Amino acid sequence: MKEYTDINAFITDFPKEVQKILEKVRATIQKAAPEATEAIKYGMPTFVLNGNLVHFSAYKNHIGFYPAPTGIDAFMDELAIYRTGKGTIQFPIEKPIPFDLITKVVKFRVEENMKKGKKIS
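In short, a report on the structure. (Residues numbered from 1 in each chain as written. Predicted model: local features only at pLDDT ≥ 70, side-chain atom pairs only at ≥ 80, totals over all residues. Heavy atoms only, no water.)

1. Looking at unusual backbone geometry
A positive phi angle, close to 55°, is found at Tyr42, a residue other than glycine. Position of Tyr42 relative to the elements: it lies in the loop between strand E1 (37-41) and strand E2 (44-48). Of note in this structure, Asn50 is not a glycine but carries a positive phi near 60°. Turning to its location among the elements, Asn50 is positioned in the loop between E2 and strand E3 (52-58). (Helix = DSSP H or I, 4+ residues; strand = E, 2+ residues; numbered from the N terminus.)

2. A short note on the side chain of Thr46
Here Thr46 is to be found in strand E2. Reaching out from Thr46, the side chain makes a polar contact with the backbone nitrogen of Lys41 at a distance of 3.4 Å. A polar atom in the side chain of Thr46 sits 3.1 Å from the backbone oxygen of Met44. (Polar contact = N/O pair within 3.5 Å; in protein donor to acceptor, adjacent residues only side chain to side chain.)

In structure tokens:
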């Protein structure tokens, strides 16, 4: 697995069309969680706010979004049309990415993480 130093380096490794999607996912998360900081964890872009908030990545046929199992459980009805797993959601690249839903999930995770005691990341 290639090691990245920051999210910009990660995103530039993908084709231009995928870069545009990843930049929009990043901007959506930043807007929903403006106090979160960026990092690379587990080899992928991560937003941290009182612990890991969400991760995202790109694959051949989908964008992977990782809001922890609780972020999926809370929106199961809205996520029913997407492939999900424990802590992961797959948004097909060839279909519109649900940025409004990403915003809702991120805001949920912010609230959830802020209820925890302060944590060093």
